[in-house]
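Observations on chain architecture
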Amino acid sequence: SIVAFRLPGGPAADDANRALLARVNGDGRVHLSSTLIGGAVTLRLCIIVHRTHRDRVAEAVDAIRREVAERAD
């Protein structure tokens, strides 16, 4: 129920991952958490409620993709 991921770029991407976390969480629709894995900032999407519907997970993935795309532009 937990998916860990991060933007590529090695240690230099830690700030970008922190910024992505803040932007996604700032919207208020999705809440991601973070951790350090091997010293690298890693984001986590955790589905806690077993009755979570697929459309809610898709909404979270869309929010992450949207924020990544907006940052890339």
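A brief structural summary. Not measured: the values here are computed from a predicted model.

Points about the nonpolar core
Grouped together as the largest cluster of nonpolar side chains are 10 residues: Leu 20, Leu 21, Val 24, Val 30, Leu 32, Leu 43, Leu 45, Ala 60, Ala 63 and Ile 64. Looking at this core, the elements that each hand over two or more residues are helix H1 (14-27), strand E3 (40-46) and helix H2 (54-72). Not counting residues up to four positions away in its chain, the partners in contact with Leu 20 are Leu 7, Leu 43, Ile 64, Glu 67 and Val 68.

Structural notes on the layout of surface pockets
For the largest pocket, the calculated volume is near 220 Å³. Lining of the largest pocket is provided by 13 residues; of these, Leu 45, Cys 46, Ile 47, Thr 52 and Arg 56 occupy positions nearest its centre. Mapped onto the lining of the largest pocket, the elements with two or more residues apiece are E3 and H2. The leading source of residues in the lining of the largest pocket is H2, at four residues.

Quick word on the side chain of Asn 17
Its location among the elements puts Asn 17 in helix H1. Judged by its relative accessible area of 0%, Asn 17 is buried. Within the structure, Asn 17 has its side chain in polar contact with the backbone oxygen of Ala 13 (distance 2.8 Å). Not counting the four nearest positions on each side in its chain, Asn 17 is found in contact with Arg 6, Leu 7, Val 41 and Leu 43.

Some points on the pairing of strand E2 (residues 33-37)
Here E2 pairs with E3 via five bridges, running antiparallel. By the bridge assignment for E3, Thr 35 is matched with Thr 42. Following E2, the chain reverses through two residues before pairing antiparallel with E3; Gly 38 in that reversal takes a positive phi of roughly 60°.

Quick notes on the sheet that holds E3
Judged by pairing direction, the sheet is antiparallel, and its three strands sit side by side in the order E1-E3-E2 without closing on themselves. Here the strands that pair on one side only, and so sit at the sheet edges, are strand E1 (2-5) and E2. The mean inter-strand angle of the sheet, taken between neighbouring strand axes irrespective of direction, is 35°. Both E1 and E3 contribute to a ladder of four bridges, which runs antiparallel. By the bridge assignment, Ala 4 is partnered in E3 with Arg 44.

Each value, and the rule that gives it
Residues numbered from 1 in each chain as written. Predicted model: local features only at pLDDT ≥ 70, side-chain atom pairs only at ≥ 80, totals over all residues. Heavy atoms only, no water. Core = buried A, V, L, I, M, F, W, Y, C linked by side-chain atoms within 4.5 Å. Buried < 20%, exposed > 50% of the residue type's maximum accessible area, 1.4 Å probe, protein only. Helix = DSSP H or I, 4+ residues; strand = E, 2+ residues; numbered from the N terminus. Contact = heavy atoms within 4.5 Å. 1 Å grid on protein atoms, 1.4 Å probe; cavity = no way out; pocket = protein on both sides within 12 Å on 5 of 7 lines; lining within 4 Å. Points joined across faces, edges and corners; volume = space filled by probe spheres on them. Polar contact = N/O pair within 3.5 Å; in protein donor to acceptor, adjacent residues only side chain to side chain. Pairing = 2+ DSSP bridges. Axes fitted to C-alpha atoms, helices over the stretch in contact; angles between N-to-C directions.

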